[in-house]
Amino acid sequence: MPRRKLTLTNRRGLHARAATKLVQCCQPFDAKVTVYRGDQQADADNIMSLLILAAPCGTELEVCTEGKEADAAMEAIESLFEARFEEDG
């Protein structure tokens, strides 16, 4: 089960558009993705769950993936974070 700490570096953090992109990023994979912010946790297949984390820019999140395609899902998620959710030009 891959587990990584990733920092939100996009200007607006995990707002509605970024949360939507994260959900869409995870959908193609046969993997369960859970995002943690301290004691809070959210399923990455639920936009509202992600928004409740209220994670602004600079927040460190822990992302855990499990399932057949856990490694591939983690790679895609890391790429999305590195691309700053394709928001900041």
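Residues numbered from 1 in each chain as written. Predicted model: local features only at pLDDT ≥ 70, side-chain atom pairs only at ≥ 80, totals over all residues. Heavy atoms only, no water.

*Asks:* Please provide a residue-by-residue account of the side chain of Thr65, values included.
*Replies:* Looking at the secondary structure, you find Thr65 in strand β4 (residues 60-66). Judged by its relative accessible area of 0%, Thr65 is buried. For Thr65, the side chain forms a polar contact with the main-chain oxygen of Ala70, separated by 3.0 Å. In contact with Thr65, other than residues within four places in its own chain, are Met1, Pro2, Lys32, Val33, Ala70, Ala73, Met74 and Ile77. (Helix = DSSP H or I, 4+ residues; strand = E, 2+ residues; numbered from the N terminus. Buried < 20%, exposed > 50% of the residue type's maximum accessible area, 1.4 Å probe, protein only. Polar contact = N/O pair within 3.5 Å; in protein donor to acceptor, adjacent residues only side chain to side chain. Contact = heavy atoms within 4.5 Å.)

*Asks:* Give me the lowdown on the sheet that holds β4, citing residues and values where you can.
*Replies:* If you walk across this open sheet you meet the four strands as β1-β4-β2-β3, and the pairing is antiparallel. The open sheet has two edge strands, β1 (3-7) and β3 (40-43), and neither has a second partner. Neighbour to neighbour, the strand axes of the sheet diverge by 25° on average, direction disregarded. One ladder, built from five bridges, connects β1 with β4; its direction is antiparallel. Across the sheet, residue Leu6 finds its bridge partner in β4, namely Leu61. (Pairing = 2+ DSSP bridges. Axes fitted to C-alpha atoms, helices over the stretch in contact; angles between N-to-C directions.)

*Asks:* How would you sum up the environment of Thr7? Please name residues and give values.
*Replies:* Tracing the backbone shows Thr7 in strand β1. The spatial distance from the C-alpha of Thr7 to the C-alpha of Gly58 is 6.0 Å, given a sequence separation of 51 residues. Leaving out residues up to four positions away in the same chain, Thr7 has contacts with Gly58, Thr59, Glu60 and Phe81.

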